[in-house]
Amino acid sequence: MSTNLSSATPEPGTLDGEHQEEPSPIARGNQVDLPRLERAVRELLFAVGEDPDREGLRETPARVARMYAELFSGLHDEPREHLKKFFTEKYDEVVLVRDISFNSMCEHHLLPFMGKTHIGYIPNGRVIGLSKLARVVESVSRRPQVQERMTEEIANLLVRELDAKGVAVVVEATHTCMTIRGVRKPGSLCVTSAMKGTFRSNLSSRAEIMQLIYHDQR
Ligand SMILES: [Zn+2]
């Protein structure tokens, strides 16, 4: 996953000689470049026809910069690290954590999408602390993201790091890029799922996990 936040900036060597827009060392070095973010937000305000220097907006670029740093903090986190500390346990039935809430940012519009993730797996000797699953969701969602990829990434991480016999990940989310702009369909819910191992090959296991996820829920 790229950690360079500067891909949308203009080519270096602009005529006005203001500042050369090369990838900043900070952005390259795994940190968020707050001053650069502030400049970008100020520029955005100019571009939409606002006056960033009017009283109400004066603090906005700095505030938005800090907010973006928070919303994209997953870019500087390695989700695999949260799965390194597992327990060795002879448990080989389904483990399911339902309703892990998340907020992410659609990478096509930079608008939030939010919802719940359900993660089920059948251990193969390795059991992970439940809070670690929430950490993985946090790490994967706090970056420019696409729901389908996020679902797949979480499932693949569990397959790789836990060597689980089966992994089922279901993500349900509302996308503000669908509700406040474009087709404007509030209330629509996007559901994606990734089934691996037993949950992919065995229909009754898949039915069982879906039943567990949706049982009593609505
Ligand atoms: Zn979108």
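Remember, predicted model here, so these are calculated numbers, not experimental data.

**What about the overall build of the protein chain?**
Then, in step 1: A count of helices and strands for the protein chain gives eight helices and seven strands.
Then, in step 2: For the protein chain, the proportion of its 218 residues judged to be buried stands at 27%.
Then, in step 3: Long-range pairs, those at least 24 residues apart, make up 67% of the contacts in the protein chain between residues at least 6 apart in sequence.

**Some thoughts on the nonpolar core**
For soluble globular proteins, the rule of thumb is that nonpolar side chains tend to be buried together.
Then, in step 1: In terms of nonpolar packing, the biggest core is built from 27 residues, with Tyr121, Ile154, Leu158, Val167, Ala168 and Val169 touching the most fellow members.
Then, in step 2: Contributions of two or more residues to this core are made by strand E3 (111–122), helix H4 (130–141), helix H5 (147–162), strand E6 (166–175) and strand E7 (190–197).
Then, in step 3: Once residues within four sequence positions are removed from consideration, leucine 158 is found in contact with Tyr121, Ala164 and Val167.

**What to know about H4**
The α-helix advances 3.6 residues per turn, and as a result positions three or four apart in sequence lie on the same side.
Then, in step 1: Over its twelve residues, H4 runs 17 Å from end to end, which matches the ideal 16 Å to within 8%, given 1.5 Å per residue.
Then, in step 2: Turning to H4, its buried residues are Leu133, Val136, Val137, Glu138, Ser139, Val140 and Ser141.

**Focus on the packing of H4 against H5**
Then, in step 1: Contact geometry for H4 and H5: axes closest at 10 Å, N-to-C directions at 140°. It follows from the interaxial angle that H4 and H5 lie oblique. For the crossing formed where H4 meets H5, the hand is right-handed. Residues Val136, Val137, Val140 and Ser141 of H4 form the contact with H5, whose participating residues are Met150, Glu153, Ile154 and Leu157.

**A few points about the environment of glycine 120**
Then, in step 1: With respect to the helices and strands, glycine 120 occurs in strand E3.
Then, in step 2: Taking the C-beta count within 10 Å as the criterion, glycine 120 has 24 such neighbours and is therefore assigned buried.
Then, in step 3: Expressed as a C-alpha distance, the spacing of glycine 120 and valine 94, which sit 26 residues apart in the sequence, is 6.6 Å.
Then, in step 4: Residues within four places of glycine 120 in sequence aside, it is in contact with Val94, Val95, Leu96, Ala168, Ile209, Leu212 and Ile213.

**Some words on the sheet that holds E3**
Then, in step 1: Taken in spatial order, the five strands line up as E5-E2-E3-E6-E7 in an open sheet, and their pairing is mixed. For this open sheet the edge positions go to strand E5 (144–145) and E7, each flanked by a neighbour on one side alone.
Then, in step 2: Bridging between strand E2 (residues 95–106) and E5 involves two bridges; their strand directions are parallel. Directly across from cysteine 106, in E5, lies its bridge partner glutamine 145.

**Here's the deal with H5**
Then, in step 1: Helix length check: H5 (16 residues) gives 22 Å between terminal C-alpha atoms against 22 Å at 1.5 Å per residue, within 8%.
Then, in step 2: Following H5 by one or two positions, aspartate 163 has its phi on the positive side, about 55°.

**Some remarks on the pairing of E6**
Then, in step 1: In terms of burial, E6 is largely enclosed, as eight of its ten residues are buried.
Then, in step 2: As defined by bridge partners, E3 adjoins E6 across ten bridges and the pair is classed as antiparallel. Its bridge partner lying in E6, tyrosine 121 is registered against valine 167.
Then, in step 3: When E6 meets E7, the two strands line up antiparallel, connected through eight bridges.

**Observations concerning the confidence of the model for the protein chain**
Then, in step 1: Summarising the model, the protein chain shows a mean pLDDT of 87, and 85% of its residues fall at 70 or more.
Then, in step 2: Summarising per-element confidence for the protein chain, the mean pLDDT is lowest in helix H1 (residues 25–28) (47) and highest in E5 (98).
Then, in step 3: Counting contacts from residues 1–19, a segment whose pLDDT is below 50, to residues more than four positions away or on other chains yields 20 contacts.
Then, in step 4: Contacts for the low-pLDDT stretch residues 24–28, under 50 throughout, to residues beyond four places or in other chains number twelve contacts.

Each value, and the rule that gives it
- Residues numbered from 1 in each chain as written.
- Predicted model: local features only at pLDDT ≥ 70, side-chain atom pairs only at ≥ 80, totals over all residues.
- Helix = DSSP H or I, 4+ residues; strand = E, 2+ residues; numbered from the N terminus.
- Buried ≥ 20, exposed ≤ 12 C-beta atoms within 10 Å, placed from the backbone.
- Contact = placed C-beta atoms within 7 Å.
- Core = buried A, V, L, I, M, F, W, Y, C linked by C-beta atoms within 7 Å.
- Expected span 1.5 Å × (residues − 1).
- Axes fitted to C-alpha atoms, helices over the stretch in contact; angles between N-to-C directions.
- Parallel < 35°, antiparallel > 145°, perpendicular 65-115°, else oblique.
- Left-handed = near helix turned anticlockwise from the far one by under 90°.
- Pairing = 2+ DSSP bridges.
- pLDDT = per-residue confidence, 0-100.

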